[in-house]
2 protein chains.
Amino acid sequence: MVASYGLDELRKNHDIELDGLAAKIEDRDPELVGLQFPDGIRDYGPAIADAIEEQTGIDCVISGDPSFGACDLALQLEHIGVDLLVHFGHSPMPSIDGIDAFDVIFVPTYSKAPVEPVVRKAAQHLEGKTVGLLTTAQHAQRLDDVCEALEDEGVDPLVGYGDNRVINPGQLLGCNFTAARTIAEQSDAFLYIGSGDFHPIAAAWGLKELPLYVADPMTSEVRQVNDRIEELMKQRHAAIANAKEADEIGILVGTRVGQQRVKYAKGLVTLCERKGFEAHLIAMDYFSPEALKSFRHMGAFVNTACPRITTDDYARYDAPMITPQELEIVVGKRSWEDYIFDEFKGTKPAPHEHEDAVELEHDVVGEDP
Amino acid sequence: MVASYGLDELRKNHDIELDGLAAKIEDRDPELVGLQFPDGIRDYGPAIADAIEEQTGIDCVISGDPSFGACDLALQLEHIGVDLLVHFGHSPMPSIDGIDAFDVIFVPTYSKAPVEPVVRKAAQHLEGKTVGLLTTAQHAQRLDDVCEALEDEGVDPLVGYGDNRVINPGQLLGCNFTAARTIAEQSDAFLYIGSGDFHPIAAAWGLKELPLYVADPMTSEVRQVNDRIEELMKQRHAAIANAKEADEIGILVGTRVGQQRVKYAKGLVTLCERKGFEAHLIAMDYFSPEALKSFRHMGAFVNTACPRITTDDYARYDAPMITPQELEIVVGKRSWEDYIFDEFKGTKPAPHEHEDAVELEHDVVGEDP
């Protein structure tokens, strides 16, 4: 077999700043460089490692474990002597502190897909409206192009800052839609630029009063995602009903650096016990139904780590898995009418001038941090 | 559902020192105690956590991730504030250093299964011979009983010390049979006391000239395991032949505390490159075929972490996975006739008087450390 994942192929579809990277790495003078990639780019890991090793003479090790976001930095590489981590494809999460293990360099990896055609197509649904723009780190540097195309089509674009879990204007995570909430009152609808349902569903779920359109630059498809929320809410209703039957509840705590809510989890143990449920703290690195088999006598799990494990992987687990807010419904502390998505919030407003953030010419709405 | 895994049930089958544990924990005055269990005992985790919390008033969190041995301490619990880890079911591995993350208390968990009946049964195959005894931490405290029963049946038992990857006399790991090698020359055969093939296969493979009998105290079964080695060797032969076809080779490094051989792995990259293969370091926490899918253009993997992933899970992986010694055969540095098992050795002889080691009345053979 021949290595088929070269840098030329990577550069066809991605804007990735590899040129300055070697110098940045040399500045830090590391012993061993760890490289961490999301699924879509990991294929090019060996070629990137080769380029870095050739330019710097410093050894690289590629993390083979899954990487789901900047919340999931490969701290375990510290144990094999990595003193500098280069994390590709996600933007930094300033709300995470305590990453003392090593230096982290974030290398944004932008899609080269042109956004104008699909955004003009989406504009047909949005004419005359004020539309909040949302996207992921992958398309963040295209938001000015999106604004121009929309204005040209008679749509008034609006971009908001999130909290300090995200750094780019308009940026959405699977667990955080503060960049949407900031501008919800001024918007008639939202337009998400990107692929898949994973990211826009968080915002559509959190702000269900507003229509949310997806414009996918990869497939040129335009569609609404709001109708998926009803189906998800039915699932959540069933999970809550089933969890009420539990005698013993496992409170799951994630050990990944940006998914840890151990104090919150301890509070939930107390809440359960006060309401007559037995409860235990269970720590998990990699969530799987197999790992929870040892706790099969528990009637329900409350997951305080990534909320998307709860909502998206629900059907994979034998026992009902619910969010902390859903537990409040189970124990009667919150009503079903006050249902909220388990958003993973930052600690304060986003740092507007973060060195790694994309700069937009278009105005951005948001609290001054 | 009702919690069905109580301490009474645990104590029916296991000798576990929970009485002194609370005092030991209080002495260390931790903020949050992590509890780590192997699969078979994790069921009782909540009951053990309850007992500790009741006696000490200190919160416990149970690790839900798999625990394969003392090589696999849950260091990631450090990130959620755990400052004391209580590790059940495995004995300490003195060769591991650099566990600065937190204190670790090892709680041996011995099987209560009587060994005498099955050992007397095994003695029928062994009469008149000098027999090396092997077991796991689970049955370590029964070796004196084993010796007595064997002597009674006209067998001369022999127990050896391993290196400092194991602390108990006669102790076998899935990756380490130094306690067998120490006494191989004086022995006519080996007798392993324990369940399953996982542990005895390592010794049978490493010392194939001697017959190895298994006496299983749980099932009362006596059998030989040597005939499985031929089948495994055929598999290894095929893996080596397939790996020779590779252009690019991934050198896998484990990040778990007792499975790290990063210097060794770097040396293997150099070896590959000198022999005309392209090679890359890949770090893995949890090994799975899915995780290696991103490296599907690689023609082979060399695994420097737990050797049993290579030999036992071989069929699960798409590309051939081989051991470092098998790579030497691939590149022509070692002959097939000099095939050796990838034993994970300690750094020096075992510390005979380790505070956590089982003490035998019977003589133990071994180098003075």
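Residues numbered from 1 in each chain as written. Chains lettered and ligands numbered in written order. Predicted model: local features only at pLDDT ≥ 70, side-chain atom pairs only at ≥ 80, totals over all residues. Heavy atoms only, no water.

**Q** I'd like a rundown of the nonpolar core, residues and numbers included.
**A** Of all hydrophobic cores here, the largest spans 70 residues; its most connected members are Phe 190, Leu 212, Ile 249, Ile 251 and Leu 327 of chain B. Contacts of Leu 212 of chain B, omitting those with residues within four sequence positions, involve Leu 134, Phe 190, Tyr 192, Pro 200, Ala 203, Ala 204, Arg 223, Gln 224, Val 225 and Asn 226 of chain B. Ala 184, Val 214 and Ile 229 of chain A together with Leu 173 of chain B belong to the second-largest nonpolar core, a separate cluster that totals 69 residues. (Core = buried A, V, L, I, M, F, W, Y, C linked by side-chain atoms within 4.5 Å. Buried < 20%, exposed > 50% of the residue type's maximum accessible area, 1.4 Å probe, protein only. Contact = heavy atoms within 4.5 Å.)

**Q** Talk me through the environment of Pro 211 of chain A; I want residue IDs and the actual numbers.
**A** Residue and element names in this part refer to chain A. Secondary-structure assignment places Pro 211 in the loop between α8 (198–206) and β10 (212–216). Using a relative accessible area of 26% as the deciding quantity, one classes Pro 211 as partly exposed. When the C-alpha positions of Pro 211 and Gly 254 are compared, they lie 33 Å apart, and in sequence the two are 43 residues distant. Each residue touching Pro 211, except ones within four places of it in the same chain, is listed here: Asp 188, Ala 189, Phe 190, Gln 224 and Asn 226. (Helix = DSSP H or I, 4+ residues; strand = E, 2+ residues; numbered from the N terminus.)

**Q** Describe in detail the domain arrangement of chain A, supporting the description with residues and values.
**A** Residues and elements named next belong to chain A. In terms of domains, chain A is made up of domain 1 (7–111), domain 2 (116–225) and domain 3 (229–338). Together, the buried faces of domain 1 and domain 2 total about 1000 Å²; carbon and sulfur atoms form 51% of this surface. Interface area lost by domain 1 to domain 2 is led by Ser 91, Tyr 110 and Ser 111, which between them contribute 47%. One can count 3 residue pairs in polar contact (both at pLDDT 80 or more) joining domain 1 with domain 2. (Domains from an automatic or database assignment. Buried area = accessible area lost by both parts, 1.4 Å probe. Polar contact = N/O pair within 3.5 Å; in protein donor to acceptor, adjacent residues only side chain to side chain.)

**Q** Give a detailed account of the sheet that holds strand β13 (residues 278–284) of chain B, specifying residues and quantitative values.
**A** Spatially, β5(A)-β4(A)-β2(A)-β3(A)-β13(B)-β12(B)-β14(B)-β15(B) is the arrangement adopted by the 8 strands of the open sheet, whose pairing is parallel. Looking along the sheet, the strands with just one partner apiece sit at the ends: β5 (103–107) of chain A together with β15 (321–322) of chain B. Where strand β2 (residues 33–36) of chain A and strand β3 (residues 60–63) of chain A come together, 3 bridges link them in parallel fashion. Note that in β3 of chain A the partner of Gly 34 of chain A across the bridge is Val 61 of chain A. (Pairing = 2+ DSSP bridges.)

**Q** Can you tell me about the interface of chain B and chain A, naming the residues and giving the values?
**A** Interfaces are often described in size by the accessible area the parts lose on coming together. Each partner contributes residues to the interface: chain B has 47 residues there, and chain A has 47 residues. Here chain B packs against chain A, burying approximately 4300 Å² in sum over the two surfaces, 56% of which is carbon and sulfur. Remark: the boundary between chain B and chain A carries 4 salt bridges. Between Asp 43 of chain A and Arg 296 of chain B there is a salt bridge, and its shortest N-O distance comes to 3.1 Å. Mapped onto the side of chain B that touches chain A, the elements with two or more residues apiece are α4 (45–56), β3 (60–63), β12 (248–254), α10 (262–274) and β13 of chain B. (Salt bridge = Lys/Arg side-chain N within 4 Å of Asp/Glu carboxyl O.)

**Q** Give a detailed account of the pattern of salt bridges, specifying residues and quantitative values.
**A** All names here are of chain B. Here the structure, examined in full by the defined rule, presents 40 salt bridges over all chains. With a shortest N-O distance of 2.0 Å, Arg 181 and Glu 343 are connected by a salt bridge. Note that Arg 181 is positioned in helix α7 (residues 178–181) and Glu 343 in the loop between α13 (324–330) and β16 (364–365), a separation of 162 residues in sequence. One salt bridge connects Asp 197 with Arg 228, and the closest N-O pair in it is separated by 3.1 Å. Placement of Asp 197 in the loop between β9 (189–193) and α8 (198–206) and of Arg 228 in helix α9 (residues 227–243) is noted, with a sequence separation of 31 residues between them. Here Arg 228 falls in the partly exposed class, since its relative accessible area comes to 31%.

**Q** Quick one: what's the story with α8 of chain A, residue by residue and with numbers?
**A** For α8 of chain A, the complete set of buried residues consists of Pro 200, Ile 201, Ala 202, Ala 203, Ala 204 and Trp 205 of chain A. In this structure, the buried residues of α8 of chain A make contact with β7 (130–135), β9 (189–193), β10, α9 (227–243) and α12 (307–312) of chain A.

**Q** Tell me what's going on with the sheet that holds strand β15 (residues 321–322) of chain A, and back it up with residues and numbers.
**A** Pairing is parallel in the open sheet, where 8 strands are placed in the order β15(A)-β14(A)-β12(A)-β13(A)-β3(B)-β2(B)-β4(B)-β5(B). Each of the sheet's edge strands pairs with one partner strand only, and the pair in question is β15 of chain A together with β5 (103–107) of chain B. Bridge count between strand β2 (residues 33–36) of chain B and strand β4 (residues 84–88) of chain B: 4 bridges; the pairing is parallel. Looking at the pairing, Leu 35 of chain B lines up with Val 86 of chain B of β4 of chain B. Against the sheet, helix α2 (residues 21–28) of chain B engages β2, β4 and β5 of chain B, with an angle of about 175° to β5 of chain B. (Axes fitted to C-alpha atoms, helices over the stretch in contact; angles between N-to-C directions.)

**Q** With reference to specific residues and values, describe the environment of Met 233 of chain B.
**A** Looking at where Met 233 of chain B falls in the secondary structure, it is placed in helix α9. When near neighbours in sequence (up to four residues on either side) are disregarded, Met 233 of chain B contacts Trp 205, Trp 336 and Tyr 339 of chain B.

**Q** Please set out the packing of helix α5 (residues 116–126) of chain B against helix α6 (residues 143–152) of chain B residue by residue, giving values where relevant.
**A** Residue and element names in this part refer to chain B. Relative orientation of the contacting elements α5 and α6 amounts to 40°, with a least axis distance of 9 Å. Viewed along their axes, α5 and α6 adopt a mutual orientation that is oblique. Here α5 and α6 pass one another in a crossing that is right-handed. In this structure, α5 contributes Glu 116, Val 119, Arg 120 and Ala 123 to the contact, and α6 contributes Val 146, Ala 149, Leu 150 and Asp 152. Of the residues belonging to the contact of α5 with α6, the class tally is 5 nonpolar, no polar and 3 charged. (Parallel < 35°, antiparallel > 145°, perpendicular 65-115°, else oblique. Left-handed = near helix turned anticlockwise from the far one by under 90°. Nonpolar A, V, L, I, M, F, W, Y, C, P; charged D, E, K, R; others polar.)

**Q** Tell me about the pairing of β10 of chain A, and name the residues and values.
**A** All names here are of chain A. For β10, the buried fraction is high: 5 of the 5 residues fall into the buried class. Between the parallel pair β9 and β10, the chain is carried across by α8, and the sense of this crossover is right-handed. The pairing of β10 with strand β11 (residues 221–224) spans 4 bridges and is antiparallel. Bridge pairing in β11 links Asp 216 to Glu 221. Between β10 and β11, which pair antiparallel and follow one another directly, the connecting turn spans 4 residues, one of which, Ser 220, has a positive phi of 65°. (Right-handed = clockwise from strand over helix to strand, strands pointing away.)

**Q** Outline the side chain of Thr 136 of chain A, supporting the account with residue identities and numerical values.
**A** Residue and element names in this part refer to chain A. Assignment of secondary structure puts Thr 136 in the loop between β7 and α6 (143–152). Note on Thr 136: relative accessible area 9%, which makes it buried. When near neighbours in sequence (up to four residues on either side) are disregarded, Thr 136 contacts Gln 171, Leu 172, Tyr 192, Ile 193 and His 199.

**Q** Which residues make up the relation of the copies chain B and chain A, and what values do they have?
**A** The transformation that overlays chain B on chain A combines an axial shift of 0.0 Å with a rotation of 180°, and the residual RMSD is 0.0 Å. One copy is carried onto the other by what is essentially a two-fold rotation axis. Identified as the residue of chain B closest to the rotation axis by C-alpha distance is Gln 76 of chain B, at 3.8 Å. (Least-squares fit on C-alpha atoms with pLDDT ≥ 70 in both.)

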